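Chain residues, written in single-letter form:
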Amino acid sequence: MTNTRLATMRPVPQHVVDHMLAGMLGQTSDVLMMQFGISYNTWRKIRAGDPIRDSVARRLERRVLDSNAMGGRSGLDNTAG
């Protein structure tokens, strides 16, 4: 018997994608990971309107709608240390 968990999948709302595009610093793997915490493959799915894991979508939406994400500083904590 295998323990299989099916992840809930859903598309990212268009207004979130629009915010991402408006503040995007680039579409390379490194920039997407630094700015939004997603891979290039996830970005391709988002652009196409394909569903991604709900947990990833929720995290991304919080990050994008946070004012720091628009400045390209998402994921960077200058106060640590």
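Residues numbered from 1 in each chain as written. Predicted model: local features only at pLDDT ≥ 70, side-chain atom pairs only at ≥ 80, totals over all residues. Heavy atoms only, no water.

### Notes on the pattern of salt bridges
Right, on to step 1. Taken as a whole and judged by the stated rule, the model has three salt bridges.
Right, on to step 2. Of the charged contacts, one joins Arg 58 and Asp 54 as a salt bridge, the two residues approaching to 2.8 Å between their closest N and O atoms. Taken together, the residues Arg 58 and Asp 54, both in helix H4 (residues 54–65) and four residues apart, mark about one turn of the helix.
Right, on to step 3. Each member of the salt-bridge network shares a partner with another, and the members are Arg 10, Asp 54, Arg 58 and Glu 61. (Salt bridge = Lys/Arg side-chain N within 4 Å of Asp/Glu carboxyl O. Helix = DSSP H or I, 4+ residues; strand = E, 2+ residues; numbered from the N terminus.)

### Quick notes on the packing of helix H2 (residues 29–36) against H4
Right, on to step 1. In the contact formed by H2 and H4, the axes pass within 10 Å of each other and the chain directions differ by 80°. Between H2 and H4, the crossing angle belongs to the class labelled roughly perpendicular. Each of Met 33, Met 34, Gln 35 and Phe 36 in H2 lies in contact with H4, whose residues at this interface are Leu 60, Arg 63 and Val 64.
Right, on to step 2. Looking at the contact of H2 with H4 residue by residue, the class counts come to five nonpolar, one polar and one charged. (Axes fitted to C-alpha atoms, helices over the stretch in contact; angles between N-to-C directions. Parallel < 35°, antiparallel > 145°, perpendicular 65-115°, else oblique. Contact = heavy atoms within 4.5 Å. Nonpolar A, V, L, I, M, F, W, Y, C, P; charged D, E, K, R; others polar.)

### Brief notes about the confidence of the model for the protein
Right, on to step 1. Per-residue confidence for the protein averages 83 on the pLDDT scale, and 75% of its residues sit at or above 70.
Right, on to step 2. Helix H5 (residues 67–70) is the least confidently modelled element of the protein, averaging 52 in pLDDT, while strand E2 (residues 52–53) averages 98, the highest of any element. (pLDDT = per-residue confidence, 0-100.)

### What to know about the environment of Arg 44
Right, on to step 1. Considering the arrangement of structural elements, one finds Arg 44 in helix H3 (residues 40–48).
Right, on to step 2. The spatial distance from the C-alpha of Arg 44 to the C-alpha of Gln 27 is 9.7 Å, given a sequence separation of 17 residues.

### As for the environment of Trp 43
Right, on to step 1. Assignment of secondary structure puts Trp 43 in helix H3.
Right, on to step 2. Sequence separation of Trp 43 and Leu 32 is eleven residues, and the distance between their C-alpha atoms is 7.8 Å.
Right, on to step 3. With sequence-adjacent residues up to four places away left out, Trp 43 is seen in contact with Val 17, Met 20, Leu 21, Met 24, Gln 27, Leu 32 and Ile 38.

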